[in-house]
Amino acid sequence: MTSLVSYVEGFESGPQAEWYPDGTKKEEGTCRLGVAVGEWRSWRPNGQLAEFSAFNPEGNHLRRQRWDKEGNLTVDKRYTP
């Protein structure tokens, strides 16, 4: 398995996850009726966190953080919905 996508009435809803071919997790988060909600994370193939995003229940971006390959924080944005 390389991905898990849950659907409700044709819309992505529930846990979502994706893995690299070697089984290392690539991305995870939750959707509600096709909209990203809650916390989402993505990782590099070596398992290092690459990005973190937080969304409110309506799918508006609340926060976004990104790290470079060396693990340095390159983006740290907070949004007001």
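Residues numbered from 1 in each chain as written. Predicted model: local features only at pLDDT ≥ 70, side-chain atom pairs only at ≥ 80, totals over all residues. Heavy atoms only, no water.

Chemist: What is the right way to look at the sheet that holds strand β3 (residues 25–32) in this model?
Modeler: A sheet is described by the order of its strands in space; here seven strands give the open sequence β1-β2-β3-β4-β5-β6-β7, paired in antiparallel fashion. Only two strands of the sheet have a single neighbouring strand rather than two, namely β1 (3–8) and β7 (73–78). In this sheet, neighbouring strand axes are inclined to one another by 5° on average, regardless of whether the strands run parallel or antiparallel. Pairing of strand β5 (residues 49–55) with strand β6 (residues 61–67), which is carried by five bridges, proceeds in the antiparallel orientation. Of the residues in β6, the one forming a bridge with F52 is Q65. (Pairing = 2+ DSSP bridges. Helix = DSSP H or I, 4+ residues; strand = E, 2+ residues; numbered from the N terminus. Axes fitted to C-alpha atoms, helices over the stretch in contact; angles between N-to-C directions.)

Chemist: Which parts of the structure should I look at to understand a nonpolar patch on the surface?
Modeler: Taken together, the side chains of V8, F11 and L33 define a hydrophobic patch exposed on the protein surface, amounting to about 280 Å² of accessible area. Topologically, L33 is positioned in the loop between β3 and β4 (35–43). (Patch = residues over 30% accessible without salt bridge, like charges linked within 9 Å, V, L, I, M, F, W, Y side chains within 5 Å. Areas by Shrake-Rupley, 256 points an atom, 1.4 Å probe, with all protein chains shown as cover. Salt bridge = Lys/Arg side-chain N within 4 Å of Asp/Glu carboxyl O.)

Chemist: Which parts of the structure should I look at to understand the pattern of salt bridges?
Modeler: Between side chains of opposite charge, a pair can form when the charged atoms approach closely. On inspection of all chains with the given rule, the structure shows six salt bridges. Between E18 and K26 there is a salt bridge; the shortest N-O distance is 3.8 Å. For R63, the salt bridge goes to D76, with nearest N and O atoms at 3.0 Å. Of the two residues, R63 sits in strand β6 while D76 sits in strand β7, which places them 13 residues apart along the sequence. The structure contains a network of salt bridges with shared partners spanning E51, R64 and R66.

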